[in-house]
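Below, each chain spelled out in residue letters.
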There are 2 protein chains.
Amino acid sequence: MSPLTNLTATTSASPSALHDVAHHEQEAKDLTRILPASRKVYIEGSRPDILVPMREIALTETPTGLGGEYNPPIHVYDTSGAYTDPNIQIDLNQGLPNVREAWIEERNDTEILDQLSSEFGQARLRDIRTAEFRFKHISKPRRAKRGHNVTQMHYAKQGIITPEMEYIAIRESQRQLEGVDQRQHVGQNFGAHNLRHISPEFVRHEVAAGRAIIPANINHPEAEPMIIGRNFLVKINANIGNSALGSSIDEEVAKMTWATRWGADTIMDLSTGKNIHETREWIIRNSPVPIGTVPIYQALEKVDGVAENLTWEIFKDTLIEQAEQGVDYFTIHAGVLLRYVPMTANRLTGIVSRGGSIMAQWCLAHHQENFLYTHFDEICEIMKAYDVSFSLGDGLRPGCIQDANDEAQFSELRTLGELTHRAWQHDVQVMIEGPGHVPMHMIKENMDLQLEVCQEAPFYTLGPLTTDIAPGYDHITSAIGAAMIGWYGTAMLCYVTPKEHLGLPNKKDVKDGIITYKIAAHAADLAKGHPGAQVRDNALSKARFEFRWEDQFNLSLDPDTARSMHDETLPKEAHKSAHFCSMCGPKFCSMKISQNVREYAQNHQDENNSEQNTQEVEMGLAQMKSEFQKQGQKLYHTV
Amino acid sequence: MSPLTNLTATTSASPSALHDVAHHEQEAKDLTRILPASRKVYIEGSRPDILVPMREIALTETPTGLGGEYNPPIHVYDTSGAYTDPNIQIDLNQGLPNVREAWIEERNDTEILDQLSSEFGQARLRDIRTAEFRFKHISKPRRAKRGHNVTQMHYAKQGIITPEMEYIAIRESQRQLEGVDQRQHVGQNFGAHNLRHISPEFVRHEVAAGRAIIPANINHPEAEPMIIGRNFLVKINANIGNSALGSSIDEEVAKMTWATRWGADTIMDLSTGKNIHETREWIIRNSPVPIGTVPIYQALEKVDGVAENLTWEIFKDTLIEQAEQGVDYFTIHAGVLLRYVPMTANRLTGIVSRGGSIMAQWCLAHHQENFLYTHFDEICEIMKAYDVSFSLGDGLRPGCIQDANDEAQFSELRTLGELTHRAWQHDVQVMIEGPGHVPMHMIKENMDLQLEVCQEAPFYTLGPLTTDIAPGYDHITSAIGAAMIGWYGTAMLCYVTPKEHLGLPNKKDVKDGIITYKIAAHAADLAKGHPGAQVRDNALSKARFEFRWEDQFNLSLDPDTARSMHDETLPKEAHKSAHFCSMCGPKFCSMKISQNVREYAQNHQDENNSEQNTQEVEMGLAQMKSEFQKQGQKLYHTV
């Protein structure tokens, strides 16, 4: 079966029957088509089952008139997984191949359970109403053996370099750079350590220190290992998820595939609507990247949306349910303390985090401390049995410019610092969520305080949005803040789509959000001076200068859009290799003139140089002559 | 006649007959329709002919359940001119009403010439081939009387507050702020002086000091006065213009109207194709904002595209031709010196400025110094006879990340500083153009050097783009840099559209570029702490918090897009006033929960307060009692 057929078969097996087959076929093509001039290559590590994917972009030669040299291919980080490997048959019904199964197995510290540990999970598995759209090949769950801790941090602290760490080291730094223009500006990185070569040992060292996390639940062996930390490439997350108002399982799976295709490093499934459990299973089984969730959303569904009715027991069962499905990181709003809630009363927009407002409501209703805080050590016990990482939620983040950096926000951040320390005592991996809405000049204060109080645990921010006045364009208002905070040290940027504040993102919105955040993350890498970050910029700019239009398109973050925009003005194929660009037309082109200038200047400089050389030689000779004469024209002198 | 009819009549009179009438009618509606809930209001100055336009956005009341209070209208800066005033009949054939004619006339330092001074202008006026599409009501040109200098800087230095300056003072600061939430963060403005109240005298003072310019050619009395300087609101420019490859006069006029409708503060006409002279006349006569050009483009057309054939005489005639049409500022690449050209030879992308490469080519071909530099004083003489402002071009700006902040770029900038000083000796207004492509961490160096060597003359930058890898999204790669450099002190940001590097922008691209740059400029105003900048953010965020969807749309930079995105998810009218938002659905809404929390916290705080108060009172009483007893229970003590 071709991937296309499989994708088609799968989507028609899931509950939504809204699309006809033709539509599915197009969708399947969209999701698996390889980007132009690209092929997936794998770099092998120290053992044959460490195969690290990259996308290789082939370039054309420089035109003969401009030197005619060979331009080596450029390798770029590839998050798209097996979908873009023509040698792998995709069948969403079966899920992706297991990348990590053997590594987990050989560590011999986990066991396969006979059944799910979560009551809710068991109930859903038995429920005949969910059978129709349930993922067909649910594996039995894996859990740490009694007394074992299976987190990557635990291994790292013991000095063990896992295959995951080696995989990441290759993924982060080992590109083929021969013949490539590696010139780059010295960056400004505010104390980060952006090494030229990232070794497996460096990965281990950073994970052990808590400065980076590897979100890698043992029940998500399909995910390709990746790392989040400020000494590595800046990552981006894309949110998907259905709501009570719409969207089906196959739409969410398609969004996930679509998002990773364009560069999402992790996906958060924020579903709040129907069949959350089943939707998540489909997503995880088919996701090549780590999946994050906010378990309190599902817990709230279980108590019919009444926050006061939440209990630790319901929440705990939800954590285990999701951990055994393979969720890689949990957003936990354990820093929303009872005493911080009244600090938000005079805000312009109160509490805008959904998780934060749920917990605030619970705290106030019960006049008790947040149960996520009081049960934090028990949560850690669950996390370390599956290697789920914390994403400590910023439930009190500002929802508008006016509320930025206030007492409530920073009080919670300090508590997150305390919880980071507690999680680390359990060897549980932690990242910290950050705002939100912050004017540019107040962004750095967030980063500085986070680094200080959370001891360099990775920061993971939503934007921040730098103004409130552009609904419909909040991918842009926030990309400004995201690029800046990424430069200052944020390790992962949570994307914002154009629909933020307005509605549920569609496929176009998801792509717009992803590309915009790839820009922000890359701009941050450049500003930090992350080694090799500028290679793609240099290659693209050289292609631009040499009128290699196809190379320029193919090197861009979104080749399809670049090409189609160009074709709107100059649709003919011939124009793509023409020596003028679409802005200026054939007779008037600054690039062309500039090349003339270069040649001219080069000749002129040579002239200058040779003139100068002649002069220097003459002057030298004259000086020698004069000295020779001064010294009495003797060839030898006594010392 | 309705404006629509007039617009229709006009467009059909211009050369392009591509569109049918139905299309024109829709276009006319698009260009004149008033934004929702908005009306144009005028604030009268010290005399009845100083009428400063603003757009007033009416808001609804807070829902009864949330307090039911009145929300005063918000006034925003309005660049759209007469097109959005239903009381003014628009006829593109006649041009816009003259706002400044009387002010210019009453200064009694100008004269109306019998005929155009430029040979080229005269020839075009006589040419029967251009008659068909020539603007029908070309006025006779105005020029300074012999021995007079008619620049706003000249008046300012003499202590004269012109009506233009008063108009600007009102436009920049006098909004109705009664009842409006004026809370705002203290900004960080790097030495700018963002005053709370902008007086006419302050405007004069800044213009006299050269820290701000008022681009206001005496032959463009249709333009509504505006100011460019870092102590005022950050402005944006939109580029339009045809090329040899396409676009007609009516398309360019429509683009100009469209761009000012969405917020362009100035327009640059960068036409390089056919009928440049006639296109410019149509644009200027119908533009409510200052128009800038790059005269060397047209001069090059006159020598058939051969840069070496350019002469000072041809260029001079072009300056006069354009000055008498009413161009408000000229980009002049006088800083591209012969000795700087070889500095670009080892660049990755050489010289990418069109004007820069033309002048470099000329310098090298003749082995002579740039004639714009050698004739600079003569250029100043022309500028001051019409009050055309300099936009000193950065012909050696970097065209890629690798070339940022290099010797060529900064050498030119220092020469622009020298030329600023020379222009000021003539009382000619100056702003300085800046890059280009610069990684984030190297942006501030540009601003700091510019402030230093150009003595705070306004900086006017293109972006800068913060990465090269996203053709198709360069409005975003550059908005990041633009917001930052605006914060650091840039006075005007030249927009970049998604088509940058790829093709000619269409209407959608122009709008995308404008809105993106309005975001960047506004984010900069917020970060600088410009007084009143946060009013609109606060109003919009309050509307969002109170589920006043219509107000949220209407306060946004692009109400149409915000509304249509919302309607994709929740199309029913009823939903726009529903107390939940489209992300979460009716049962699960953080805003709703947050409001509950606020009420709860409020009650709780009152309890706390009253408890605390009671305790305090009791403690106070107890203390008093104890002291009273200690002191022997006497009511009066001797001193």
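About the criteria used
- Residues numbered from 1 in each chain as written.
- Chains lettered and ligands numbered in written order.
- Predicted model: local features only at pLDDT ≥ 70, side-chain atom pairs only at ≥ 80, totals over all residues.
- Heavy atoms only, no water.
- Helix = DSSP H or I, 4+ residues; strand = E, 2+ residues; numbered from the N terminus.
- Contact = heavy atoms within 4.5 Å.
- Pairing = 2+ DSSP bridges.
- Axes fitted to C-alpha atoms, helices over the stretch in contact; angles between N-to-C directions.
- Domains from an automatic or database assignment.
- 1 Å grid on protein atoms, 1.4 Å probe; cavity = no way out; pocket = protein on both sides within 12 Å on 5 of 7 lines; lining within 4 Å.
- Points joined across faces, edges and corners; volume = space filled by probe spheres on them.
- Buried < 20%, exposed > 50% of the residue type's maximum accessible area, 1.4 Å probe, protein only.
- Right-handed = clockwise from strand over helix to strand, strands pointing away.
- Salt bridge = Lys/Arg side-chain N within 4 Å of Asp/Glu carboxyl O.
- Nonpolar A, V, L, I, M, F, W, Y, C, P; charged D, E, K, R; others polar.
- Least-squares fit on C-alpha atoms with pLDDT ≥ 70 in both.
- Expected span 1.5 Å × (residues − 1).
- Phe/Tyr/Trp six-rings, centres within 6.5 Å; stacked < 30°, edge-to-face > 60°.
- Lys NZ or Arg CZ within 6 Å of the ring centre and 35° of its normal.

## Side note on the overall build of chain A
When helices and strands are tallied, chain A shows 23 helices and 15 strands. In chain A, 76% of the contacts between residues at least 6 apart in sequence involve partners at least 24 apart.

## As for the sheet that holds strand β13 (residues 430–434) of chain B
All names here are of chain B. If you trace the 8 strands once around the closed barrel, you get β8-β9-β10-β11-β12-β13-β14-β15, paired in parallel fashion. Along the sheet, successive strands turn relative to each other by an average axial angle of 25 degrees, direction set aside. Lying over the sheet, helix α10 (residues 276–285) contacts β8 (235–240), β9 (266–269) and β10 (291–293), oriented at roughly 155 degrees with respect to β10.

## As for the domain arrangement of chain A
Split into domains, chain A comes out as domain 1 (100–133 + 148–533) and domain 2 (593–631). Inter-centroid distance (C-alpha atoms) of domain 1 of chain A to domain 2 of chain A is 62 Å.

## So, the layout of surface pockets
Considering only enclosed or pocket space, the largest pocket measures out at about 750 Å³ in volume. Taken together, 36 residues make up the lining of the largest pocket; nearest its centre are K508 and D512 of chain A together with H475, K508 and D512 of chain B.

## Considering the pairing of strand β9 (residues 266–269) of chain A
Note on strand geometry: in a regular strand, side chains alternate between the two faces of the sheet. Residues and elements named next belong to chain A. Burial of the side chains of β9 extends over both faces: T266 and M268 are buried on one face and I267 and D269 on the other. Pairing between β9 and strand β10 (residues 291–293): 3 bridges, direction parallel. Residue pairing in the sheet places D269 in a bridge with T293 of β10. Between the parallel pair β9 and β10, the chain is carried across by helix α10 (residues 276–285), and the sense of this crossover is right-handed.

## Section: the interface of chain B and chain A
On the chain A side, the residues contacting the 120 residues of chain B number 120 residues. One can count 2 salt bridges joining chain B with chain A. Sorting the residues of the side of chain B that touches chain A by element identifies α11 (295–302), α13 (354–366), α18 (474–488), α19 (507–528), α20 (535–545), α21 (549–555), α22 (559–569) and α23 (590–630) of chain B as the ones contributing at least two each. When residues of the side of chain B that touches chain A are assigned to their parent elements, the largest contribution, 12 residues, is made by α23 of chain B. Residue composition of the side of chain B that touches chain A, grouped by class: 59 nonpolar, 43 polar and 18 charged.

## Remarks on the relation of the copies chain B and chain A
With an RMSD of 0.0 Å, the fit of chain B onto chain A corresponds to turning through 180 degrees and sliding 0.0 Å along the axis. Within this description, the copies of the chain are treated as partners about a two-fold rotation axis. Relative to the rotation axis, the C-alpha of I480 of chain B is the closest in chain B, positioned 2.3 Å from it. Interface residue correspondence from chain B to chain A reaches 100%, placing this contact among same-surface, isologous pairings.

## Comments concerning the sheet that holds strand β3 (residues 74–77) of chain B
All names here are of chain B. If you trace the 3 strands from one edge of the open sheet to the other, you get β1-β2-β3, paired in antiparallel fashion. Bordering the open sheet on either side are β1 (38–44) and β3, each of which pairs with just one other strand. For this sheet the average axis-to-axis angle between neighbouring strands, irrespective of direction, equals 40 degrees. Alignment of strand β2 (residues 51–57) against β3, held across 4 bridges, turns out to be antiparallel. Opposite E56, over in β3, you have H75 as the bridge partner. Sitting on the sheet, helix α7 (residues 163–173) touches β1, β2 and β3, and the angle it makes with β2 is about 15 degrees.

## Quick look at helix α16 (residues 407–425) of chain B
All names here are of chain B. For α16, with 19 residues, the first-to-last C-alpha span of 28 Å sits near the 27 Å given by 1.5 Å per residue. Among the 19 residues of α16, 14 are classified as buried, and the element is accordingly described as predominantly covered. Directly after α16, the chain includes D427, whose backbone phi takes a positive value near 60 degrees.

## Topic: the environment of M226 of chain A
Residues and elements named next belong to chain A. If you trace the backbone, M226 turns up in the loop between β6 (212–213) and β7 (228–229). For the pair M226 and A334, spaced 108 residues apart in sequence, the C-alpha separation works out to 25 Å. Ignoring anything within four residues of it in the chain, the contact list for M226 reads Y77, I168, R171, I213, I214, P215, K235, D265, T266 and P290.

## Focus on the environment of L462 of chain A
Position of L462 of chain A among the secondary structure elements: in strand β14 (residues 459–462). Residue classification places L462 of chain A among the buried residues on the basis of a relative accessible area of 15%.

## Some thoughts on the packing of aromatic side chains
Tallied over the full model, the rule gives 26 aromatic pairs over all chains. Centre to centre, the rings of F376 of chain A and F390 of chain A are 4.8 Å apart; their planes meet at 15 degrees, and the pair counts as stacked. Of this pair, F376 of chain A sits in helix α15 (residues 376–386) while F390 of chain A sits in strand β12 (residues 389–392), and the two are 14 residues apart along the sequence. Across the pair, exposure class does not vary: F376 of chain A and F390 of chain A are buried alike. On the numbers, 4.9 Å between centres and 80 degrees between planes, the contact of W362 of chain B with F371 of chain B is edge-to-face. The class for F371 of chain B is buried, based on a relative accessible area of 3%. Grouping aromatic residues by their ring pairs yields a cluster made of W312, F315, W362 and F371 of chain A. Lying across the ring of Y373 of chain A, R422 of chain A places its NZ or CZ 5.5 Å from the centre. Just above the ring of W258 of chain B sits the side chain of K507 of chain B; from NZ or CZ to the centre is 4.3 Å.

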